[in-house]
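Spelled out from the first residue to the last, the chains are:
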Amino acid sequence: MTAAQTNDPKIKNLIEGIRKLDVDEQLALFYFIYKEMGDSITPAAPGASTVSPAVADGLFNQVKDLSHEEQLQLQRDLINKADTVHTREYGSMSDTTKLLFWYRLAQGMDAHTIIPMPPSYELSSQSKELMDKVKQLDFGIQIEFFRDYVAPMGAEPKAGAEV
Ligand code: 45D
């Protein structure tokens, strides 16, 4: 379920820049952005009415039970749009629910139920530049940017009851 993508050129350029990074670097950058945003992400945000916490948690709980290596692979699969049971389930979620799912993953990393970042991981200078640009966006635009970034990830859900 992918809503219309923004036409805001600032957001488009940023997303294009990020998608050019390799998958692991995208994951790392996304985590650093999460860290940077910290407490400004609150589940009581304006779009909260279009979010399905039970759906996000349903997928999150499945991921939590995987091995660390499988958890990392699943996140790579989402970015690579690989077609798996999990990425199809992801693809069936609303865009804001996808965002909540990523937020849960990041929280899970902090709680060590999800594979954490290697402690010495350093962002490339290219990623740091992108991060600075994200930081300069107004909060509302940042949210729009995140939503557009995570919306096309994963795979299309199959028709009918099949997942
Ligand atoms: O070994 O309206 C590497 C809601 C290297 C509410 C790695 C919201 C190799 C409703 C690949 C780096 C809250 C949903 C390992 C709004 C290696 C609403 C691992 C807002 C281990 C607006 C890297 C939600 C890994 C928002 C595992 C704004 C990286 C949510 C994982 C924002 C990175 C969420 C992850 C963000 C990043 C989540 C999981 C920014 C997640 C970022």
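Below: a short report on this structure.

Definitions and limits used
- Residues numbered from 1 in each chain as written.
- Predicted model: local features only at pLDDT ≥ 70, side-chain atom pairs only at ≥ 80, totals over all residues.
- Heavy atoms only, no water.
- Phe/Tyr/Trp six-rings, centres within 6.5 Å; stacked < 30°, edge-to-face > 60°.
- Buried < 20%, exposed > 50% of the residue type's maximum accessible area, 1.4 Å probe, protein only.
- Helix = DSSP H or I, 4+ residues; strand = E, 2+ residues; numbered from the N terminus.
- Salt bridge = Lys/Arg side-chain N within 4 Å of Asp/Glu carboxyl O.

### Overview of the packing of aromatic side chains
Point 1. Enumeration over the complete set of coordinates arrives at nine aromatic pairs.
Point 2. Ring centres of F101 and W102 lie 6.5 Å apart, and the angle between their planes is 65°; on these two criteria the pair is classed as edge-to-face. Exposure class is identical for F101 and W102. Each is buried.
Point 3. With a centroid separation of 6.4 Å and 10° between ring planes, the pair formed by F145 and Y149 is classed as stacked. Pair noted here: F145 and Y149 are both in helix α8 (residues 139-150), with a separation of four residues, about one helical turn. In this pair, the class of F145 matches that of Y149, namely buried.

### Topic: the pattern of salt bridges
Two side chains with opposite charge may pair up if their charged atoms get near one another.
Point 1. All told, the structure shown has nine salt bridges when counted by the stated rule.
Point 2. In this structure, E36 and K135 form a salt bridge, with 3.8 Å as the shortest nitrogen-oxygen distance. Of this pair, E36 sits in helix α2 (residues 23-37) while K135 sits in helix α7 (residues 125-136), placing them 99 residues apart in sequence.
Point 3. Classification of K135 by relative accessible area gives partly exposed; the value is 43%.
Point 4. The residue D83 makes a salt bridge to R88 at a minimum N-O spacing of 2.6 Å.
Point 5. Because the salt bridges share partners, they merge into one network encompassing D24, E69 and R76.

Any link to function would need more than the numbers given here.
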